Amino acid sequence: MTTLRLKTIPDADADFLNLPWSTPLEYWPDELAVRLPRGRHRHVVRFIEYGGEYFACKELRPDLADREYELLDHLKEEGLPVVDLVGVADDRTTPDGEPLDSVLITRHLAYSLPYLHLFAGRGSYGLHDHLIDALAVLLTQVHLAGVFWGDCSLGNTLFRRDAGELVAYLVDTETGEHHTTLTDGQRLHDLEIATENIAGGLYELEVLGRLPDGVDPFAVAEQLSDRYESLWAELTATDEVAGDELWRIQARMRRLNDLGFDVSEIEMVETGATPGDGPQQVAFRPRVVEEGHHKRELLRLTGIEAEENQARRLLSALHGYGAWLGREQGRELPDAVAAYRWLAERYEPTIATIPDDLRNRLTDAEIFHQVLDHLWFLSEEAKADVGLETATRAYVESILPELPQERVVIESDDLEDGLLTS
């Protein structure tokens, strides 16, 4: 009898009990399947619509399913960008008693795209650089959480737009290993695997004609090492400063915040000079909590859920509006008051202007960011501030209708159906 281990408490309309667990995944009824964009997988994967939501079901050996279940759960608890774990179906058998592999269930990540679809649309020039930046951040986060990924690749990640950048979400962890901490050798080996895999993915884009002319796939992939090592050093290195230069500790913390990371504490140790022998020396190392400094601050002030760069942009707009209100009223406004006024007078009216049939093009936060960009462009062109309302109308009329719908993207007829194997 099938055993269901559910991480997510099921809704009344989606308890997963009545799915055809005694049937191999590739033979599940077509009426369950939906065609959504996906990456490459070693196993049978089907996307299904169930209880009004979309889920990814992956069939794999019970030991691999257990490993992936535990790693996804761990990474989610660490606050990393991973797909939402729903559960796993174990102890499956056919009606004749033949054993079947387990099925891992994850929730479809709205507004996300695999790299093949990301590069299929217009405006893909420069995306390869954003891709490498996003993967460097993700791989660094995974390593900070003590996880050796073992198969970092373009196909094992999904990407969301983030105010002109990209955010990489981890999808596949079946080759991963959880350790208390990783050795430098483990990190560098994982980085080598990632570089080779990413070069292969970029070569695939080149063969499909989706990589811009003049872009060398291997040269782009090799940039991953430099960006990863730079970020790892900023997050983990121990600095030594003179006792009269403690301001450098605050400067380091501000740089970490600017990168989107929060710091829980600073480890400080006196080193070097003794009294009378010159300035005291202090070695310090930050203990990084997790990425998402600005998104947590935006959520706290406004309740808006956004990616990190979107949150940074929206917070800048919020603080700018608060400063303007303060000058108008002749006094500085508390953050909570400025946030309420910005929401009620700027953000919400702008989003309410978007027609219902265009809301699924992008997330609300990304739409507002793009409206701000369009406001800047139109104001530069007019040599005067054209105003947010005018910019929003122009954006809705000329820009947004041309963008693909990204909340749930149905694959075109020339792509594979809801079943994928490799």
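Rules used throughout
- Residues numbered from 1 in each chain as written.
- Predicted model: local features only at pLDDT ≥ 70, side-chain atom pairs only at ≥ 80, totals over all residues.
- Heavy atoms only, no water.
- Helix = DSSP H or I, 4+ residues; strand = E, 2+ residues; numbered from the N terminus.
- Buried < 20%, exposed > 50% of the residue type's maximum accessible area, 1.4 Å probe, protein only.
- Contact = heavy atoms within 4.5 Å.
- Areas by Shrake-Rupley, 256 points an atom, 1.4 Å probe, with all protein chains shown as cover.
- Axes fitted to C-alpha atoms, helices over the stretch in contact; angles between N-to-C directions.
- Left-handed = near helix turned anticlockwise from the far one by under 90°.
- Nonpolar A, V, L, I, M, F, W, Y, C, P; charged D, E, K, R; others polar.
- 1 Å grid on protein atoms, 1.4 Å probe; cavity = no way out; pocket = protein on both sides within 12 Å on 5 of 7 lines; lining within 4 Å.
- Points joined across faces, edges and corners; volume = space filled by probe spheres on them.
- Salt bridge = Lys/Arg side-chain N within 4 Å of Asp/Glu carboxyl O.
- Core = buried A, V, L, I, M, F, W, Y, C linked by side-chain atoms within 4.5 Å.
- Expected span 1.5 Å × (residues − 1).
- Arc of directions from axis to C-beta.
- Polar contact = N/O pair within 3.5 Å; in protein donor to acceptor, adjacent residues only side chain to side chain.
- Phe/Tyr/Trp six-rings, centres within 6.5 Å; stacked < 30°, edge-to-face > 60°.
- Lys NZ or Arg CZ within 6 Å of the ring centre and 35° of its normal.

Participant: Help me understand the overall build of the protein, please; the structure alone is not making it clear to me.
Facilitator: Regarding its fold elements, the protein presents 11 helices and 13 strands. Relative to its 422 residues, the protein shows a buried fraction of 48%. Taking contacts inside the protein between residues at least 6 apart in sequence as the whole, the part at least 24 apart equals 66%. By element, 49% of the accessible surface of the protein is carried by carbon and sulfur atoms, the whole surface being about 20,600 Å².

Participant: Looking at this structure, how should I read the packing of helix α4 (residues 184-207) against helix α5 (residues 217-236)?
Facilitator: Describing two packed helices takes the angle between their axes plus the distance from one axis to the other. Remark: α4 packs on α5, axes separated minimally by 8 Å, with the N-to-C direction vectors making an angle of 145 degrees. Helix-helix and strand crossings are classified by hand; for α4 and α5 the assignment is right-handed. Contact with α4, carried on its side by Arg-187, Leu-188, Leu-191, Ala-194, Thr-195, Ile-198, Ala-199, Leu-202, Tyr-203 and Glu-206, involves Pro-217, Phe-218, Val-220, Ala-221, Glu-222, Leu-224, Ser-225, Tyr-228, Glu-229 and Trp-232 of α5 and no other residues of that element. Considering only residue class, the contact of α4 with α5 consists of 14 nonpolar, two polar and four charged.

Participant: Can you walk me through the layout of surface pockets in this structure?
Facilitator: In this model, the largest pocket occupies a volume close to 1,200 Å³. Residue lining of the largest pocket: 49 residues in total, with Val-167, Glu-291, Lys-295, Glu-307 and Glu-308 positioned closest to the centre. For the lining of the largest pocket, the secondary structure elements donating two or more residues are α3 (127-144), β7 (157-162), β8 (165-170), α5, β12 (281-291), α7 (293-302) and α8 (308-329). By residue number, the principal contributor to the lining of the largest pocket is α3, which donates seven residues. Split by residue class, the lining of the largest pocket holds 21 nonpolar, nine polar and 19 charged.

Participant: Looking at this model, I keep getting lost on the pattern of salt bridges. Mind explaining?
Facilitator: Charged atoms that come close allow side chains of opposite charge to pair. Using the criterion set out here, one finds 19 salt bridges in the structure. For Asp-66, the salt bridge identified is with Arg-5, shortest N-O distance 2.5 Å. Remark: Arg-5 occurs in strand β1 (residues 3-6) and Asp-66 occurs in helix α1 (residues 62-77); sequence separation between them is 61 residues. For Arg-5, a relative accessible area of 26% gives the class partly exposed. Arg-187 is the partner of Asp-184 in a salt bridge, and the nearest nitrogen-oxygen pair spans 3.0 Å. Of this pair, Asp-184 and Arg-187 both sit in helix α4, three residues apart, roughly one helical turn. What emerges from the salt-bridge pattern is a single network uniting Lys-58, Glu-68, Asp-172 and Glu-174.

Participant: Could you clarify how one ought to interpret the nonpolar core in this entry?
Facilitator: It is characteristic of soluble globular proteins that their nonpolar side chains tend to be buried jointly. In this structure, Phe-159 and Ile-198 are the most contacted members of the largest nonpolar core, which totals 54 residues. Residue assignment for this core shows that the elements contributing at least two residues are α1, β4 (85-90), α2 (115-118), α3, β7, β8, α4 and α5. In terms of residue count, the dominant contributor to this core is α3 (nine residues). Leu-315, Leu-358, Leu-372 and Leu-378 belong to the second largest nonpolar core, which has 33 residues in total.

Participant: Quick question: what am I supposed to make of α5 here?
Facilitator: Residue pairs three or four apart in sequence face the same way in an α-helix, which turns once every 3.6 residues. Under the 1.5 Å per step criterion, the end-to-end length of α5 is 29 Å for 20 residues, consistent within 8% with the ideal 28 Å. Inspection of α5 places Pro-217, Val-220, Ala-221, Leu-224, Tyr-228, Leu-231, Trp-232, Glu-234, Leu-235 and Thr-236 among the buried residues, and these make up the whole buried set. Seen along its axis, α5 keeps its buried residues to an arc of 160 degrees; they face one direction. For α5, the exposed residues set more than 90 degrees away from the buried face come down to Asp-226 and Ser-230. Sitting at the amino-terminal end of α5 is Asp-216, which places a side-chain oxygen 3.0 Å from the backbone nitrogen of Phe-218.

Participant: Would you take a moment to explain the environment of Leu-372 for this structure?
Facilitator: Mapping Leu-372 onto the fold places it in helix α10 (residues 364-382). Other than its neighbours up to four places away in sequence, Leu-372 contacts Arg-313, Ala-317 and Leu-388.

Participant: How should the packing of aromatic side chains be read in this particular structure?
Facilitator: Aromatic rings in a pair are described by how distant their centres are and how their planes are angled relative to each other. One pass over the full model with this rule turns up eight aromatic pairs. Grouping aromatic residues by their ring pairs yields a cluster made of Phe-16, Tyr-50 and Phe-55. The ring of Tyr-69 carries Arg-5 above its face, with NZ or CZ at 4.9 Å from the centroid.

Participant: How do you make sense of α8 when you look at a structure like this?
Facilitator: The terminal C-alpha atoms of α8, which comprises 22 residues, lie 31 Å apart, in line with the 32 Å expected from a rise of 1.5 Å per residue. All of the buried residues in α8 are Glu-308, Gln-310, Ala-311, Leu-314, Leu-315, Leu-318, Tyr-321, Gly-322, Leu-325 and Gly-326. In a view along the axis of α8, the buried residues occupy a sector of 145 degrees, so they form one face of it. At the C-terminal side of α8, Gly-330 shows a positive phi close to 75 degrees.

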